[in-house]
Structure formats: structure tokens, C-alpha cells
Amino acid sequence: MCGKRTYIIYAATLFLLNMILLSCSVDRYIPDDQHMLTKTTVVCDNKNVAKNYSLSDYIVQNTNTKWFGARVPLKIYTLSGTDTTKRFCRVMRRLGEAPVLYDTLKSARTISDIRQVLSNAGYMKATVDEKRRVKGKKVAVTYDVHPNKRYTIRSIQRSSDDSNLRQFICVEDTSRSLLKVGRAFDVNVLNNERNRIASFLRNHGYYKFTKENVRFSADTARNSTEVDVSLRITLHQENGRSEATEHKQYVIGNVNFYADVASKDEPIDSVNYRGYKFFYQDDLHFRKNMLASKTMFYPGELYDDNNFRRTYANYTRLSAISYSNIQLAERQGSDTLDCNISVNHAKPHSFGFDVEATNSAGDLGAAISTSYQNKNIFRGSETFIFKVRGAYEAITGLEGYEGNNYTEFGAESRLNFPMFLLPYVKRDWGALHNAVSEIALQYNFQNRPEFQRRVLTAAWRYRWNSRNQHIQHRFDLLEVNYVYMPWISQTFKEQYLDSLGKTNAILKYNYENLLITKLGYTYSYNSLGAKEQTYGKDAYTFRFNIETSGNVLNAFSKMTNASKNEDGQYKFCGIAFAQYVRGDIDFSKSFRIDKNNSVAFHAALGVAYPYGNSNQLPFEKRYFAGGANSVRGWSVRSLGPGAYNGADKGINFLNQSGDIKLDLNLEYRALLFWKLSGAAFIDAGNIWTIRKYEDQPNGEFRFNKFIEQIAASYGIGIRMDASFFIIRFDAGMKAVNPAFKGKKHYPILHPNFNRDFAFHFAVGMPF
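The text that follows walks through the structure, step by step, so that each part is easy to find. (Residues numbered from 1 in each chain as written. Predicted model: local features only at pLDDT ≥ 70, side-chain atom pairs only at ≥ 80, totals over all residues. Heavy atoms only, no water.)

Some words on the overall build of the protein
1) Next: Within the protein, the secondary structure is distributed over 15 helices and 29 strands.
2) Next: Expressed as lengths along the three principal axes of its C-alpha atoms, the size of the protein is roughly 95 × 80 × 55 Å.
3) Next: A buried classification covers 44% of the 767 residues belonging to the protein.
4) Next: Sequence separation of at least 24 residues holds for 63% of the intrachain contacts in the protein that already meet a minimum separation of 6.
5) Next: Summing over all exposed atoms, the protein offers an accessible surface of approximately 40,800 Å²; the carbon and sulfur share of this is 54%.
6) Next: Within the protein, the 75 negative side-chain charges are centred at a point lying 5 Å from the centre of the 100 positive side-chain charges. (Helix = DSSP H or I, 4+ residues; strand = E, 2+ residues; numbered from the N terminus. Buried < 20%, exposed > 50% of the residue type's maximum accessible area, 1.4 Å probe, protein only. Contact = heavy atoms within 4.5 Å. Areas by Shrake-Rupley, 256 points an atom, 1.4 Å probe, with all protein chains shown as cover. Lys, Arg positive; Asp, Glu negative; His and termini not counted. Charge placed at Lys NZ, Arg CZ, Asp CG, Glu CD.)

Structural data, given as C-alpha cells:
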């Protein structure tokens, strides 16, 4: 009854607010001789042009900001009244947005910009007509675009004032050229061709060649849309008064490193290493082979502009370096470039300290953590991180247990090497792909009134990027997790483990000693670049992960005829080991509507299968549904599997897990004001088990049932962009609940806030 009353109040509030906003007239805020711009539209009679050139982006003057289709800021502004001496009026006007008044100058700029865009694309006779529809004090503007016929290339003539480049330009490079006879005459393609030629030559020794040395001229015949294009390479000229000369092809001479050299006039020590020379003052803070391995310049080789950029990028990524600079010096009267690389070391040591308060189901506690970081521990920009964390929580409401508190202690260490620690891998390859090798060791112990748990983890990983920085790879060569349960209270055994016997296999399995040996690989692709954000842009990301465990140990156990325990499992060093395979696919795509609005779609599928030495997955490898990054109408780990609806809330966090997971999300995103954005979303998904478990009834995946077991939710959210991270608040409501039948199966038709509402706070975007 309470939920129904809340729903009625909520609906009535929205209705009244909507009536108030709609009742405020905008006309009185529009001067008599002007009009409010209500709509701007671009109509093009060529569908391909409209699709390929996004002509709406060139509209200079846009209408008032809309929040989810409504001009809410404008409505807020109209609540201010006309008396600006009142404080309320000034506040509401600052919060709102004044009506956008139609500007003829901005309209003319729009027409000019669209014409210019089309002219550059080859539509030189394009016309743009403006049509206004005036109604009272409001005006809607339509720009009718007629591209007309596109100009094409009839012939291409190539020439070079530089005799050394004549063969290259007129013969060798023609197959790579972006210009082809019969193709559209596009100024953008001409510019790209200039950049391509300049880039190619600079990558082949022509250090001083620039795109200004590539010149085009175009002639059009009368009453024709065909163009004759001429390409010409000019001679090199240092400045407007110097004599023009042929272009030189430069080679790299000396490569010198200046490490922490404040002034070259002061005493400097030097040392030679593998053809490189190192200069330093007082002490060399870096290993010579580390600095040498990150440069792509080699004495005697042709200058390559790509190597210049890659070398800069390599030093920028090193945490041990605070400053880097590369200078190329031409030897007087020669074709040799000396490369001088300056690097300064960063402060190697840093410390961190954090204090946090915890609240788990009403039980209060506190946690303290401290960390130490060394950015150059072996003088090769290796990063060593050591963290220690301790937590305490006072537990209430537990009867029959000896203690009444929870303590946790954890220690973690990581060592990252900016290279591949693998034999037969060339140093160039690691530098080109930003390779990192990582060794990690972690220990965690938990003491609860019900049990004591210890987890030891050791890992050896590799990470690297593609040369274009769109793809990231991660390879977990080995990750070992040892879970040890030294003590379980008698009360916990009697109430949850022994009394259940084998009926709750998941619960029992996760309170036993276990060994997990993981081998895995992850592939990630970002259409904009590995570190670029896709929010509000036309972009997509794709991630694939595969991991397996226990295969080597299982094969070894069979070869040695090892004995099994009472559950039929092989043991390694007296500990049962997990055996499974798990794969995940994640795809997200964002569509930009305009600069303030976008739509994002996300789909994720995960499947894990225990086999061989395991009948079920370890708790850490199982899937969970619900929460801020899943189906947001449910709180974290409270959905599924399938149509499962457990009643025992004490152990539901284990039972509500599965071997298969599906997530589908659709989100509309809109910039509100300042750094705040809003979102409206629809989520769907669930988890399922592969096998049938008695303690998870209706949780097994079946092709003829899984559609009706897909949960759905809807909601709204607020995001605040804090520059380095995004703070997110999402409020979700259940729409379809697979755990119930009848009316409760469709809570969207019978909403109950107490039952169907979930609130989420998170850092970062959901996808």
C-alpha cells in the first residue's frame, strides 16, 4: 500500500511540475522586432552527400538546449519573471537559458560554411537556400542544399624541380597515390596527398622536406565538370632570400644522451656504450641499455620521421623520466644529423596513505592502507609498488559464535618492467609496442567469527599495444591463486555446511582449500585509440578474453596416476585444483547525435565451463548480475540465475551466481549544464548455470526458456565530469522480473518503489 501511495505522489508531482513549466510563456522574453529560433534543419536532395558530410554540424546558430527532448533550461529561465531587481529573477536566469534569438549574420555564415565544405568535396556549383517559417515570435529555419554535379579528375600531370626525386614522383610513387583519374576532385584528398608524400619522404631520409614542397594546380574546361590536376615538387629553400637547392637525404650520425645535464658548460662525465655516447653530471640515474633500447635512432641509418615520434613516445611513457627532449643537429656542409637526447630523472620514491570508513549491512568499521612506490628501482624505469591494508569491523547480530568482529590484512607487491622479459624478442619490438612485463605477489587473510580465510596470489603477465595504438593485448602467462581455510567455526559447520551436506554444492565448494592456475589472454580494440574516451563520439570498442585453468596439472596427475580425494578430484601438493575454461566478449558502440547528445549501445556475453577436476566454478570466477555496470534495476549480485528466487538471504550471494552471463544496455546521454550530464537507460540480461544444481532451482540455461528469463529495467542517471574521472549516480526500476510469475513478472505495469527501485553510485561510465 505504501509503494502504491508513493507512486501516486510521484506521478502527481511530475504532472504538476510539467503544468507549471508549460504555463510559462516565452513570448514576453522576445523583443518585438526579433524572433526566437525554434528549429534548424538541413535538407539535401543528395542522400549520399547528406550521409557522408554531416552538414548539420556546420549550423552556426543552434536552438535552445534540450534535456531529453524538452527545453528545460529555457523553461527555468521563464520562471524568473521580468523584474531583474529581484534576487529570485537573477538566480533563475543564471540557472536557466535565455531564448536563442535568430541572427541573420550567423545564418549567412552557415550558408557560407556549407557551400565551402561541398566545394572542397568537389561540388563546386552547390547552392544553399534558406527558408524561414515564422509563427508569431518564433521562427524555424530550413537550409535547402543542392550539391549539383560533382567535379571529377580528367588527367594528372606530375613533375619535379628536384632531379633526384623525379623518378620517384613521376614513376615509383604513382601506384601509392591517392589521386586517380575518374575519381572525384576533392580538396581534402589533395591535402591528404600532400601529407602522404611529405611523410613518406621524411620517413626515407628527407629530413627537411615539408608538405609546402608539394604544390597542386587545377584547370577546368568551360561547360565541363572535369578537372586537369598538376602536381609539382619544388626545391628546398631555407628562407625566402636563400638559394633554392635540391633536397638532401640525411643519415643519422652520433646519438648522444644527456642525462640530468643542467648545463653543458659545467663538468660532464661521459661513457660510450654500443655506439652511443652518454653524458651525465655526478651520477647516471639510468642504466645505459635502458636508454639505448628506447631510442629508434641508429648511427649510419637514414633519418626516419616515424622513429623520431616513436622515440619521443617511448621516453614519455617511462615513469622514471620527468622530462625528455630530442634535438637534431645538421653537420655543417654535410648530409649527417647528430641526435641529442636529453632526459631528466623523476623523483623515484613516493608514499600514499588512506583512511576509509566501512558499512557492511549496518556493521561499522574502518580500514587503513599505505603504499610505497619506486619508479626506478633497478635504474631501468622499473616500477615497484608495495601496498599494505588493514581493516576492522564490529559485527552484530551473530549468535552462537565466539568472536564478534572481523579483521582483514592484505599485502600486495608489483614489479613492472618497461620491456618484454622473454628470450628471442628483439628490443625494437618491445619499444615499438610499448611492452610491459609484470610480476605480482599478493597475500590476504580474513578472520571472521564464522571462519578464517587466507588467499595467496602470484602472477606473471605481459601487456603490449599495436603500433597504431588502437589495440591492447594482455597475456597472463601464469597466475596462481591458493585459497586456504585454516579454521571454520563449529556453529557455521552445523548451520550451513554439514547440515546441508552436498545439497548446496556451491556453498561447500567455496569453503574448502583450492588451487587455481590461470592462463589467459585479453584482446581490446578502441576505434579512437587505446586511451581515448568514446563518450559522446562516433566510436566503438571491442574486448575478448579467454582463460583456462588446471589443464597442465590434470595432465600431470593422469600421467603419474595420482590418487583422488573422496570427491573424485586430483590433488597437487595435497590441494584440489580447479579446472575450467572461460570466455568473454564485450562490445560497445556510441552514436553522436550532436555536440550535446549521443546514444550508446552495449552487449556482453560470458560463458565459463567447469570440467575435468571440477564440477563447478570457483566463486571468484563465477558471473554475477545486477549493479551499476549491469542490469541497474537490481542491486549488485541480486539477480538470477535464470528464474531462481532464493529465500535464504544469508547465503544468497553465493547462490545468485552462474556460469553464463548476458548484458544488453541502451543509454541516451545528454549534456545538461556545466559539468553535469544526464542519461536515460534500458538494461536487459541475466545469468544462468550450465549444470542443474538443486540449490539453484530454475537457474539452468535452457534454449526454450532463456528468453522469458531475461530481466529488464529502466531508469535515469546523473554524471559529473571531474576532469580525471566521472562520478555517476543511476536510479533504476525493474521492468521485467524473471524470478516471479503473474503480475510480479512485469513490475513495469505494477511498480512498487520499495520492491523495484535500486540506486547506484559509481566512478566511471558503465560502458
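Thoughts on the sheet that holds strand β8 (residues 269–273)
Each strand in a sheet pairs with another by means of backbone hydrogen bonds, the pair being arranged parallel or else antiparallel.
1) Next: In spatial order, the strands read β8-β9-β7-β11-β10; together these five strands make up an open sheet with mixed pairing. Two strands bound the open sheet, and with one partner strand each, they are β8 and β10 (321–330). Averaged over all neighbouring strand pairs, the angle between strand axes comes to 20°, with direction disregarded.
2) Next: When strand β7 (residues 251–259) meets strand β11 (residues 336–345), the two strands line up parallel, connected through seven bridges. Across the sheet, the residue bridging to Val 255 is Cys 339, located in β11.
3) Next: Sitting on the sheet, helix α9 (residues 305–317) is in contact with β7, β10 and β11, with an inclination near 160° to β10. (Pairing = 2+ DSSP bridges. Axes fitted to C-alpha atoms, helices over the stretch in contact; angles between N-to-C directions.)

Re a negative patch on the surface
1) Next: Together, Asp 265, Glu 266, Asp 269, Asp 282 and Asp 283 make up a region of like negative charge exposed at the surface.
2) Next: Its location among the elements puts Asp 265 in the loop between β7 and β8.
3) Next: By relative accessible area, which is 77% here, Asp 265 ends up exposed. (Patch = residues over 30% accessible without salt bridge, like charges linked within 9 Å, V, L, I, M, F, W, Y side chains within 5 Å. Salt bridge = Lys/Arg side-chain N within 4 Å of Asp/Glu carboxyl O.)

Examining the pattern of salt bridges
1) Next: One pass over the full model with this rule turns up 43 salt bridges.
2) Next: In this structure, Glu 620 and Arg 453 form a salt bridge, with 2.8 Å as the shortest nitrogen-oxygen distance. Here Glu 620 is found in the loop between β24 (597–610) and α14 (652–655), whereas its partner Arg 453 is found in strand β17 (residues 451–465), with 167 residues between them in sequence.
3) Next: By relative accessible area, Glu 620 is classed as partly exposed at 42%.
4) Next: For Arg 453, a relative accessible area of 12% translates into the label buried.
5) Next: A salt bridge links Lys 518 to Asp 476; its shortest N-O distance comes to 3.4 Å. Highlighted residues: Lys 518 in strand β19 (residues 514–526) and Asp 476 in strand β18 (residues 471–488), separated in sequence by 42 residues.

Brief notes about the side chain of Glu 479
1) Next: Along the polypeptide, Glu 479 turns up in strand β18.
2) Next: When its relative accessible area of 9% is taken as the criterion, Glu 479 is described as buried.
3) Next: Here the side chain of Glu 479 touches Arg 461 through a polar contact of 3.2 Å, side chain to side chain.
4) Next: The residues contacting Glu 479, other than those within four sequence positions of it, are Thr 457, Ala 458, Ala 459, Arg 461, Ile 516, Thr 517 and Lys 518. (Polar contact = N/O pair within 3.5 Å; in protein donor to acceptor, adjacent residues only side chain to side chain.)

Remarks on the side chain of Ser 614
1) Next: With respect to the helices, strands and loops of the structure, Ser 614 is situated in the loop between β24 and α14.
2) Next: For Ser 614, a relative accessible area of 2% gives the class buried.
3) Next: Discounting residues that sit within four places of it in the chain, Ser 614 has contacts with Tyr 509, Phe 577, Ala 578, Gln 579 and Arg 691.

Brief notes about the sheet that holds strand β2 (residues 127–135)
1) Next: Taking strand neighbours across the sheet as the criterion, the three strands line up as β1-β3-β2 in an open arrangement whose pairing is mixed. The sheet terminates laterally at β1 (36–44) and β2, the two strands that pair on one side only. Each strand axis lies, on average, 20° off the axis of its neighbour in the sheet, ignoring direction.
2) Next: Sheet analysis places β2 next to strand β3 (residues 138–146), joined by nine bridges and oriented antiparallel. Residue pairing in the sheet places Arg 132 in a bridge with Val 141 of β3.
3) Next: Along the sheet, helix α5 (residues 104–120) makes contact with β1, β2 and β3, crossing β2 at roughly 150°.

A few points about the environment of Gly 365
1) Next: Structurally, the position occupied by Gly 365 is in strand β13 (residues 363–374).
2) Next: Distance from Gly 365 to Trp 67, taken between C-alpha atoms, is 41 Å for residues 298 residues apart in sequence.

Some remarks on the pairing of strand β20 (residues 539–549)
Regular strands place their side chains on alternate faces of the sheet.
1) Next: When β19 meets β20, the two strands line up antiparallel, connected through nine bridges. Across the sheet, Tyr 525 pairs through a bridge with Phe 542, a residue of β20.
2) Next: Inspection of the sheet shows β20 paired to strand β23 (residues 580–594) by eleven bridges, in the antiparallel sense. Looking at β23, one finds that Glu 547 is bridged to Arg 582.

Topic: α5
Note that an α-helix has 3.6 residues per turn; residues three or four places apart therefore point the same way.
1) Next: Counted at 1.5 Å a residue, the expected span for α5 with its 17 residues is 24 Å, and the 24 Å between its end C-alpha atoms agrees.
2) Next: For α5, every residue scored as buried is listed here: Ser 107, Thr 110, Ile 111, Ile 114, Val 117 and Leu 118. Looking straight down α5, one finds its buried side chains confined to an arc of 130°; they lie on one side.
3) Next: The secondary structure elements touched by the buried residues of α5 are β1, α2 (47–53), β2 and β3.
4) Next: Its side-chain oxygen placed 2.9 Å from the backbone nitrogen of Leu 105, Asp 103 serves as the N-cap of α5. (Expected span 1.5 Å × (residues − 1). Arc of directions from axis to C-beta.)

Observations regarding a nonpolar patch on the surface
1) Next: Taken together, the side chains of Ile 718, Phe 724, Phe 725, Phe 729, Phe 757, Phe 759, Phe 761 and Val 763 present a nonpolar region at the surface, about 880 Å² in accessible area.
2) Next: It is strand β29 (residues 757–763) that provides the largest number of residues to the nonpolar patch, a total of four residues.
3) Next: Looking at the secondary structure, you find Phe 757 in strand β29.
4) Next: Judged by its relative accessible area of 37%, Phe 757 is partly exposed.

Let's talk about the packing of aromatic side chains
1) Next: Applying the stated rule across the entire model yields 30 aromatic pairs.
2) Next: Taking the centre distance of 5.9 Å and the plane angle of 80° together, the rings of Tyr 207 and Tyr 250 count as edge-to-face. Placement of the pair is Tyr 207 in the loop between α7 (187–202) and β5 (214–220) and Tyr 250 in the loop between β6 (226–233) and β7, with a sequence separation of 43 residues.
3) Next: Owing to a relative accessible area of 22%, Tyr 207 belongs among the partly exposed residues under this scheme.
4) Next: An angle of 70° between the planes, with centres 5.2 Å apart, marks the rings of Phe 451 and Tyr 511 as edge-to-face. (Phe/Tyr/Trp six-rings, centres within 6.5 Å; stacked < 30°, edge-to-face > 60°.)

Some words on unusual backbone geometry
1) Next: The omega torsion across Gly 640 and Pro 641 is 0°, close enough to zero to call that bond cis.
2) Next: Summarising the element assignment, Pro 641 is placed in the loop between β24 and α14.
3) Next: Phi angles above zero are rare outside glycine, and Asn 223 is one such case at about 60°.
4) Next: Following the sequence through the fold, Asn 223 ends up in the loop between β5 and β6.
5) Next: Owing to a relative accessible area of 78%, Asn 223 belongs among the exposed residues under this scheme.
6) Next: Not every positive phi belongs to a glycine, and Arg 379 is a case in point at roughly 65°.
7) Next: Within the secondary structure layout, Arg 379 lies in the loop between β13 and β14 (383–394).

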